[in-house]
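Topology and contacts: notes
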Amino acid sequence: GFEVVAQTDPLVPDRMSPTVALTDPAQGTQVVRGGATTLRATATDDGRVTRVEFFVNGALVGTDFTSPYTASFNVLDSSQSMGIEVRATDTNNNTGSTGVVTIGVRPDPLTTVTGLVLDNAGVAASGANVRVRVPEVVVETGTTTIDGTSMTVDPGTQMGTSTLAGTMFFAAGDKGLLDTVVDLGPAGTLDVTGTFSLDFTGNNPSSPTPRSGTLSLTASRLSGLSFTAQGPIAGILPVSGQTPIEVDLPVTAFDAGGLQTALPLQGRSVRVRLLGVLTIQADPGTSNISDLSITGNPELIVTLDPHGVTGSDGRFSVAGVPTIYGEVLVDATFQAAAGAHLEGASAPAAPVRGGTTDVGTIHLAAAPAVSVFPYPAMKLGRDPGGVAAGDFNGDGNDDLAVTSGSEHLVFIMLGNGRGEFGPDGINFTVGARVPAGLRPVYVITLDLNNDGRLDLVTANIDSDNVQALLGNGSGGFTSAGSFAAGTRPETLAADDFNRDGRPDLVVAQRTSSDVSILIGNGDGTFRPQVRIPVAGGPRAVAVGDLNGDGFVDLATANVLGD
């Protein structure tokens, strides 16, 4: 049954299957839920083993082609056991199997982290704050369906308010150790109530003008887990605004509901963060709102917060620390008697499951000096989103261009070369208020028409286009036109993509999951876009020759694809 030449059939047909055995974990042992586990196997054959496949509960989790055969996976099964099978295949496609080996699954037994903190004089630091580093975990992703009542505008105040009611539904799934910390029950639903208000002062339904509004939402469930979100929105009627939701929810205790996986965490301190974007769609009827709906896909993010304080001997002990994230590190801070702020961190230590993990001694030192710029903050417009720097008036000093999304403008701030804006360094001057598209959120500087003067391009998220603004060399700008992009463009970059010596644009669009390429004509205008799909919702884009072939390449950061 042996091959004469590699990868050829043997002279004598081989019908003998390989012999394969699972060596780790052994039958009857247990693995920890939520952690990474490595499977190991041996395989032999009278010919040659070509591959070894590892299956967990019938699903392939890894394949190895050389001995020793291994595969790693994260244990996310919520049951008390799982079935592991290993299959080996030889050159003639004969397959041998271990059969299903049952392995127990247990919750993380956690560890107690201890150590000693010394100040910068080598003295025990009594009352130092210590915190064990634990990563955030995205545990659930949800969908939002919220409807509002019709809105009638008060003739006196020109304000209208809609009452909101709806739900946020979160998909179920196995998420290991932290699943039941924010378990929303079998239905996975948060009930949502709230209000949405709009200011209609000066509104002309036949020629809609920018409106501003406020959104307030409260979501809760019977167990007491709740969040409240408030924030401004802006847009052109029909309103299509975005309100980011990001709230921390301290949960100091929860009901494990009989689920054994959560019992070690009962009563622990946990932070829950709801992060997402809500899209508001309002349909106007004259100056009123006849229909209102809110949609979105928020995520629930959980962070355990194991922390403590050192005693008079400088020692600390923090119980209930997960072991599934690998090596343990502890950060320590201390306010010394002399007023100095001290900080330090431990060396990484391998966690002792179900026991005590000592990280040793943390030596504190003075915190690095922080350079604080001695310049005043400058209030500029509403909803600033993008900023770019360049010498716009030819005086040799860098100036700033800042987008004001709510006002649909770009503010030009002329610099004096000392990090200040304005002749006295306090009262800054605005060189120009340049109209842009609807809600500009990003701006870049470049020379679009090769006249030696810096120009601007903005990404306008509510009008689905980019705006080219040509500089006059003295701090002023005029529009060269707006050019269609994809859905809700957020960022852009420029380079010469077709090597004709003229700058071109690439625009990232998270909502439509693509980028738009706009080829420049060299006069500040651009040809119609070419859209390229990008999975995962690109939020940012960069350009460069990534592989050294002389051609410009693109790289995107995709918010939905991590």
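Counting starts from 1 at the beginning of each chain's written sequence and moves along it residue by residue. At least 70 in pLDDT is required for a residue's local features to be given in this predicted model, at least 80 for side-chain atom pairs to be given and counted, and no such filter applies to totals for whole chains, interfaces and linings, which use all residues. The basis for every side-chain value is the complete set of non-hydrogen atoms in the structure, without hydrogens or water.

Each helix corresponds to a stretch of at least 4 residues labelled H or I by DSSP, and each strand to a stretch of at least 2 residues labelled E; elements are numbered beginning at the N terminus. When you go through the protein chain residue by residue, the secondary structure sums to zero helices and 40 strands. For each residue, the accessible area found with a 1.4 Å probe, counting protein chains only, is set against the maximum for its type, and the residue is called buried under 20%, exposed over 50%, and partly exposed in between. A burial count over the protein chain gives 44% of its 562 residues as buried. Every residue pair with non-hydrogen atoms within 4.5 Å of one another is taken to be in contact. Within the protein chain, residue pairs in contact and separated by at least 24 positions form 56% of the contacts whose partners lie at least 6 positions apart. Surface accessibility in these figures is a Shrake-Rupley result with a 1.4 Å probe; residues are shielded only by whichever protein chains are displayed. Of the roughly 26300 Å² that the protein chain leaves accessible, carbon and sulfur atoms contribute 52%.

For any pair of aromatic rings, the description consists of the separation of the ring centres together with the inter-plane angle of the planes. Classification of ring pairs rests on two measures: the distance between centres of Phe, Tyr or Trp rings, Trp counted by its six-membered ring, which must be within 6.5 Å, and the angle between planes, read as stacked under 30 degrees, edge-to-face over 60 and tilted in between. Counted by the stated rule, this structure contains two aromatic pairs. Geometrically, the ring pair formed by Phe392 and Phe477 is edge-to-face, given 5.5 Å between the ring centres and 80 degrees between the ring planes. With Phe392 in the loop between β27 (384–390) and β28 (399–404) and Phe477 in strand β34 (residues 477–484), this pair connects stretches of sequence that are 85 residues apart. On the basis of relative accessible area, Phe392 is assigned to the buried category, the value being 4%. Residue Phe477 is classed as buried on the basis of its relative accessible area, which comes to 11%. Here the aromatic rings of Phe483 and Phe526 are separated by 5.4 Å at their centres, their planes lie at 75 degrees, and the arrangement is edge-to-face. Placement of the pair is Phe483 in strand β34 and Phe526 in the loop between β37 (514–518) and β38 (530–533), with a sequence separation of 43 residues. The exposure class assigned to Phe483 is buried, which follows from its relative accessible area of 12%. Seen from the ring of Phe55, Arg87 lies directly overhead, with NZ or CZ sitting 4.0 Å from the centre. Remark: a charge is flagged as sitting over a ring if the NZ atom of Lys or the CZ atom of Arg is within 6 Å of the ring centre and within 35 degrees of the ring normal.

This part covers the sheet that holds strand β11 (residues 129–132). What makes two strands pair is DSSP finding at least two bridges between them. Taken together, the five strands give an open sheet; going across it, the order is β21-β11-β23-β24-β26, and neighbouring strands pair in antiparallel fashion. What marks the edges here is a single partner per strand, and that holds for β21 (307–309) and β26 (365–366). In this sheet, β26 lies alongside strand β24 (residues 341–345) in antiparallel orientation, the contact comprising two bridges. By the bridge assignment, Glu343 is partnered in β26 with Ala365.

For the rest of this paragraph, the subject is the sheet that holds strand β33 (residues 465–471). Ordered by their spatial adjacency, four strands build an open sheet running β31-β32-β33-β34, and the pairing between neighbours is antiparallel. Unpaired on one side and paired on the other, β31 (440–446) and β34 mark the two borders of the sheet. In this sheet, neighbouring strand axes are inclined to one another by 20 degrees on average, regardless of whether the strands run parallel or antiparallel. Helix axes are fitted only over the stretch in contact, all axes being lines through C-alpha atoms; the angle between N-to-C directions runs from 0 to 180 degrees.

So, on to the pairing of strand β29 (residues 409–413). The side chains of a regular strand alternate between both faces of the sheet. In terms of residue burial, β29 counts as a mostly covered element, since five of its five residues are buried. Burial of the side chains of β29 extends over both faces: Leu409, Phe411 and Met413 are buried on one face and Val410 and Ile412 on the other. Of the strand pairs in this sheet, β28 and β29 are connected by five bridges, and their pairing is antiparallel. Bridge assignment links Ser404 to a residue of β29, and that residue is Leu409.

The rule for a salt bridge is simple: a side-chain nitrogen of Lys or Arg has to be within 4 Å of a carboxyl oxygen of Asp or Glu. By the definition in use, this model includes eight salt bridges. Between Arg87 and Glu85 there is a salt bridge, with the nearest N and O atoms lying 3.1 Å from each other. A salt bridge links Arg531 to Asp514; its shortest N-O distance comes to 2.8 Å. Linking Arg531 in strand β38 with Asp514 in strand β37, this pair joins segments that are 17 residues apart in sequence. Ionic contacts of the salt-bridge type, sharing partners, join the residues Glu490, Arg510 and Arg539 into one network.

Bringing the confidence of the model for the protein chain into the picture now. Of all residues in the protein chain, 71% attain a pLDDT of 70 or more, and the chain-wide mean is 78. Every residue in residues 173–181 is under pLDDT 50, and counting partners more than four places away or in other chains gives 32 contacts. Confidence drops under a pLDDT of 50 for residues 422–431, and excluding neighbours within four residues, the segment shows 26 contacts in the predicted structure. pLDDT is defined as a per-residue confidence score from the predictor, taking values between 0 and 100.

A separate point is the side chain of Glu85. Turning to its location among the elements, Glu85 is positioned in strand β7 (residues 81–90). Here the side chain of Glu85 touches Ser97 through a polar contact of 2.6 Å, side chain to side chain. Look past the residues within four positions of Glu85 in its chain and what remains in contact with it is Glu53, Phe54, Phe55, Ser97, Thr98, Gly99 and Val100. Residues adjacent in sequence count toward polar contacts only when both atoms are side-chain atoms; beyond that, a polar contact is any pair of N or O atoms within 3.5 Å, and within protein one must be able to donate a hydrogen and the other to accept it.

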